[in-house]
Structures are given as structure tokens and as C-alpha cells.
Amino acid sequence: ISSHAGEGIRAVPGRPSEEPLWTKDFVFGTVTNFVLSCNYFMLTVVMTAYAMDVYGAPASLAAFCASIFIIGTLFARLASPKLMQKLGRKPLLFAGAIADCILTGLYLVDAPLALLMGIRLLHGFSYGTCSTTIATMVTAVIPPARKGEGIGYYMLSVTLGAAIGPFAGILLSRHLSYETLFFVSAAVILVALPCIAILKPGKRIVTAA
């Protein structure tokens, strides 16, 4: 018995891994992703109505104001691996979250419709950068034996954001004002900043030359 005293806990076939899943980095990373998702869904569900109500845009153009966000996200997905390699995961995530907050605040500016579209495009890029980077960081801290379980819990943050975000967005815009919605959406992103500050950057990505 004594010869095994220092070997720690061994994995037993048929029993769950003893490796911890709910570490500090996993929890704060998942919270960060939830906050990002809330901001995204809060704004997306009302953007078409906002463009029509405030700018008098036709329905097709107003819908494009909402969907152009996805174009920015697509570009971010393609650019994020190189940006993570060049800047590092944590600095990129922090910069993206700050950009998210600033761009959300810019919706309050009385600007032409074309500028609103530009803001939406840039906001999509910053969101795509953040969501790609945080996913990379969180999956890196999930124990290999618990990848399926960990990714399932992590993706639950998106599901919750998709449930709470639209409800909050419609409630605020209908019963208060669009300005209140934008203020709240920007404040929501601020919650992510201390979470990101606590996160460890993880291993640096290495790509072939």
C-alpha cells in the first residue's frame, strides 16, 4: 500500500476523470462568452427596427444593417488565427472587448445610415475576433478526457445568451428607448473586462513557416 502512496489518484476504467473541469479559467472564460453573446443578440434582434424607426430606411436596407454584422464576423474568423499568433490571445481578446464596448456606444451617435452600416461591420469584426479567441482559450484549459463535457457546458453560454439577449433587447427598446438599450449593451460588455483580466493567456499558437 505504501508504495502507491505518492502516486496520487489514478483513473479507473468506467469512472469519470478526476481532472477538474470547473477551473477559474474555464468559469471566467465561459462567463466572458456569455456576455459577448448577450451583447450580440440584444442588438441584432432590434437593429432592423432601429434602422427603420430612426433612419426611415426601407425594409431591405434595414435588414442589411443587421446582417452586415455577420460579414464582419466572417472576416474576423479568417483573420483571428494570424492575429492571435502576432498579438497573443489575451491582448487580442482584451482589445476586442474594448472595441465591442466602444462600437456599441457609437450607435448613440446621430450619424448617416452609411456610417451605421460601417459601425455594424466593425462591430461584427470585433465580436468575431473575441468569440474566436475566447473559444480557443477555453478549449485549451478543458482536460482532454472531459472535452465533450466541457465544450457542452461552454456552448451553453451561447444558448443562454441567445435566450436572454433578444428578450432584454426587445424589452428595453419597446418599454424604454433605443438609447437605453445601447447603454445597457455597452455596460454588459464591461462585465467581460475583469473576467478577461483574470484569464491566463494559454499557450501561444505556433504555425508552420
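Residues numbered from 1 in each chain as written. Predicted model: local features only at pLDDT ≥ 70, side-chain atom pairs only at ≥ 80, totals over all residues. Heavy atoms only, no water.

## A few points about the overall build of the chain
For step 1, the next point in the chain: Helices and strands together make up the secondary structure of the chain, namely six helices and zero strands.
For step 2, the next point in the chain: The order of α-helices and β-strands along the chain, N terminus first, is α-α-α-α-α-α.
For step 3, the next point in the chain: Relative to its 209 residues, the chain shows a buried fraction of 41%.
For step 4, the next point in the chain: Excluding contacts between residues fewer than 6 apart, the proportion of contacts in the chain whose partners are at least 24 apart in sequence is 84%.
For step 5, the next point in the chain: Working note: accessible area of the chain is about 10,900 Å², and carbon and sulfur atoms make up 71% of it. (Helix = DSSP H or I, 4+ residues; strand = E, 2+ residues; numbered from the N terminus. Buried < 20%, exposed > 50% of the residue type's maximum accessible area, 1.4 Å probe, protein only. Contact = heavy atoms within 4.5 Å. Areas by Shrake-Rupley, 256 points an atom, 1.4 Å probe, with all protein chains shown as cover.)

## A few points about the packing of aromatic side chains
For step 1, the next point in the chain: Here the structure, examined in full by the defined rule, presents ten aromatic pairs.
For step 2, the next point in the chain: Their ring planes at 25° and their centres at 5.0 Å tell us that Tyr40 and Tyr127 sit as a pair that is stacked. Residue Tyr40 is located in helix α1 (residues 24-55), and its partner Tyr127 is located in helix α4 (residues 113-141); the two are separated by 87 residues in the primary sequence. Side by side, Tyr40 and Tyr127 carry an identical accessibility label, which is buried.
For step 3, the next point in the chain: Geometrically, the ring pair formed by Tyr50 and Tyr55 is edge-to-face, given 5.8 Å between the ring centres and 80° between the ring planes.
For step 4, the next point in the chain: What links up through ring pairs into an aromatic cluster is the set Tyr50, Tyr55, Tyr107, Tyr178 and Phe182. (Phe/Tyr/Trp six-rings, centres within 6.5 Å; stacked < 30°, edge-to-face > 60°.)

## Section: the side chain of Asn33
For step 1, the next point in the chain: For Asn33, the location among the structural elements is in helix α1.
For step 2, the next point in the chain: Setting aside residues no more than four positions away along its own chain, Asn33 makes contact with Ile134, Tyr154, Ser157 and Val158.

## Observations regarding the pattern of salt bridges
For step 1, the next point in the chain: In total, this model carries one salt bridge according to the counting rule given.
For step 2, the next point in the chain: Across the pair Arg146 and Glu149 runs a salt bridge, and its minimum N-O distance is 2.9 Å. (Salt bridge = Lys/Arg side-chain N within 4 Å of Asp/Glu carboxyl O.)

## Topic: the nonpolar core
Generally speaking, a soluble globular protein has its nonpolar side chains buried in company with each other.
For step 1, the next point in the chain: With 23 residues, the main nonpolar core has Met47, Cys65, Tyr107, Leu113, Leu116, Leu181 and Phe182 as its most contacted residues.
For step 2, the next point in the chain: Elements that contribute at least two residues to this core include exactly α1, α2 (59-87), α4, α5 (147-175) and α6 (178-198).
For step 3, the next point in the chain: Beyond its immediate stretch of four places on either side in the chain, Phe182 contacts Leu43, Met47, Tyr50, Thr104, Tyr107 and Leu108.
For step 4, the next point in the chain: Within the second largest apolar cluster, 22 residues are counted, among which are Phe26, Ala97, Tyr154 and Leu193. (Core = buried A, V, L, I, M, F, W, Y, C linked by side-chain atoms within 4.5 Å.)

## Overview of a nonpolar patch on the surface
For step 1, the next point in the chain: Taken together, Trp22, Val27, Val31, Tyr153, Leu156, Leu160 and Ile164 make up a surface patch of nonpolar side chains, about 590 Å² in accessible area.
For step 2, the next point in the chain: No other element matches α5, which puts four residues into the nonpolar patch.
For step 3, the next point in the chain: With respect to the helices and strands, Val31 occurs in helix α1.
For step 4, the next point in the chain: Take Val31: its relative accessible area is 32%, and that puts it in the partly exposed class. (Patch = residues over 30% accessible without salt bridge, like charges linked within 9 Å, V, L, I, M, F, W, Y side chains within 5 Å.)

## Observations concerning the confidence of the model for the chain
For step 1, the next point in the chain: On average, the chain scores 84 in pLDDT, and the residues at 70 or more come to 87%.
For step 2, the next point in the chain: Under a pLDDT of 50 for its full length, residues 1-12 has, in the predicted model, two contacts with residues more than four places off or in other chains. (pLDDT = per-residue confidence, 0-100.)

## Some points on the packing of α2 against helix α3 (residues 89-106)
For step 1, the next point in the chain: Viewed as axis vectors pointing N to C, α2 and α3 meet at an angle of 115°, and their least axial separation amounts to 7 Å. Contacts from Ser80, Leu83, Met84 and Leu87 in α2 reach Arg89, Pro91 and Leu92 in α3.
For step 2, the next point in the chain: Tallied by class, residues from the contact of α2 with α3 come to five nonpolar, one polar and one charged. (Axes fitted to C-alpha atoms, helices over the stretch in contact; angles between N-to-C directions. Nonpolar A, V, L, I, M, F, W, Y, C, P; charged D, E, K, R; others polar.)

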